[in-house]
Amino acid sequence: MEKLIKLTSSAVPLPIEDVDTDQIIPARFLKAITKDGFGENLFRDWRYMKDGQPDPNFVLNNDTYTGSILVAGKNFGCGSSREHAAWAITDYGFRVVISSFFADIFKANALNNGLLPIVVSDETLDVIFQKIEENPDHQLTIDVEKQQLSIDEEMHVNFEIDEYKKECLLKGYDDIDYLLSLKGEIESFEKEHLMF
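Since this is a predicted model, take the numbers as computed values, not measurements.

Draft legend 1. Geometry of the side chain of Ser68. With respect to the helices and strands, the residue Ser68 is situated in the loop between helix H2 (44–47) and strand S3 (69–72). Exposure remark for Ser68: the relative accessible area of 14% places this residue in the buried category. Discounting chain neighbours no more than four positions away, the residues touching Ser68 are Leu7, Ser9, Ser10, Gly93, Phe94, Arg95 and Val96.

Structure follows, in C-alpha cells:
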C-alpha cells in the first residue's frame, strides 16, 4: 500500500446521507478478483444515466470539484460488508473520506486498504461542506501522525484512529506487510522460547 503521512488536497463533496455499499459499487460489478478497475464503476448508477452517458448533475462528473478527499454525508458505507466499496474509492483516487458517521465494517475495510475514514461532528461536517461550496479549491490538510484535520488556518480538529492501523498507514503496510516487518523479532522469540 501507499504511505499516508500528510495530505493537503481539495475535496469532492457528496452531501448525501446513508450511502450504502451497493451505491458505492453496485453488486453487478463484483466479478473481478483483483482490486484494479473498480474506480471506473464507483457510484456507477449515480454517475451514469440509463443510456450510459455521464450524468452532468453528479459531482464526480463536475470538473469544478477535484482532489483526493471525499466529504460524505452521515452514515457512509452502510449496508453490506463488501470490501469492494473501499477498493472502488481508492482505485478512483481518494485517500481520505470524511463523514460524521461510518458503518463499522466499511471503516475497517477502508483502513485495511489504505483509505483513511475520518469521523467529525455533524457541525464540523457542515463547516467543511460550506467551505467547499464557497470555494471548490479550498484545501484541507490531514496529518496522520498528529491525527489532525486542518479545515483552515484557525480550525483544526483531532480524529481517532487505532494505533495499529495508524502505523500501517504511516508505513504503507497491509496486515501481511506488518507481520513481515516483525520477522526478525518473531525469529528471536522462537529461538528464545521454543524448544525443538
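And the narrative resumes.
Draft legend 2. Highlighting the packing of aromatic side chains. Under the defined criterion, the tally for this structure stands at eight aromatic pairs. Note on Phe76 and Phe106: the rings are 5.3 Å apart at their centroids and 80° apart in plane angle, and the pair reads as edge-to-face. One end of the pair, Phe76, is in the loop between S3 and helix H3 (84–92); the other, Phe106, is in helix H4 (residues 104–112), and 30 residues separate them in sequence. Each member of the pair, Phe76 as well as Phe106, is classed as buried. By the ring-pair criterion, three or more aromatic residues cluster together here, those being Phe43, Trp46 and Phe58. Of note, Arg44 hangs over the ring of Tyr48, and the distance from its end group to the ring centre comes to 4.3 Å.

Draft legend 3. Quick look at the sheet that holds strand S4 (residues 96–99). Pairing is parallel across the open sheet formed by four strands, whose spatial order is S2-S3-S4-S5. Edge positions in the sheet fall to strand S2 (11–14) and strand S5 (116–119), since each of these pairs with one other strand and no more. Here the average twist between neighbouring strands, direction ignored, is 20°. Of the pairings in the sheet, the one linking S2 to S3 comprises four bridges and is parallel in character. For Val12, the partnering residue across the bridge sits in S3 and is Leu70.

Draft legend 4. Fine view of H3. Among the residues making up H3, those that are buried are His84, Ala85, Ala86, Trp87, Ala88 and Ile89. Buried-residue contacts for H3 involve helix H1 (21–24), S4 and H4. Where H3 ends, the next residue or the one after it, Gly93, has phi of about 125°, a positive value.

Draft legend 5. View of the sheet that holds strand S7 (residues 148–150). Read across the sheet, four strands follow the order S1-S6-S7-S8 without closing on themselves; strand pairing throughout is antiparallel. With one partner strand each, in any of the chains shown, strand S1 (6–9) and strand S8 (156–158) form the two edges of the open sheet. Across this sheet, the average inter-strand angle for adjacent strands is 15°, counted without regard to direction. In this structure, S7 lies alongside S8, joined through three bridges in antiparallel fashion.

Draft legend 6. The nonpolar core, seen in detail. By size, the foremost hydrophobic cluster in this structure holds 26 residues, and its most contacted members are Ile24, Phe43, Phe76, Ile89 and Phe106. Elements supplying a minimum of two residues to this core: S2, S3, H3 and H4. Top contributing element to this core by residue count: H3, with four residues. When near neighbours in sequence (up to four residues on either side) are disregarded, Phe106 contacts Ile24, Phe76, Gly77, Ala85, Ala86, Ile89 and Leu115. Judged by nonpolar contacts, the second largest core, of 25 residues, contains Ile128, Phe129, Val144 and Leu169.

About the cut-offs
Residues numbered from 1 in each chain as written. Predicted model: local features only at pLDDT ≥ 70, side-chain atom pairs only at ≥ 80, totals over all residues. Heavy atoms only, no water. Helix = DSSP H or I, 4+ residues; strand = E, 2+ residues; numbered from the N terminus. Buried < 20%, exposed > 50% of the residue type's maximum accessible area, 1.4 Å probe, protein only. Contact = heavy atoms within 4.5 Å. Phe/Tyr/Trp six-rings, centres within 6.5 Å; stacked < 30°, edge-to-face > 60°. Lys NZ or Arg CZ within 6 Å of the ring centre and 35° of its normal. Pairing = 2+ DSSP bridges. Axes fitted to C-alpha atoms, helices over the stretch in contact; angles between N-to-C directions. Core = buried A, V, L, I, M, F, W, Y, C linked by side-chain atoms within 4.5 Å.

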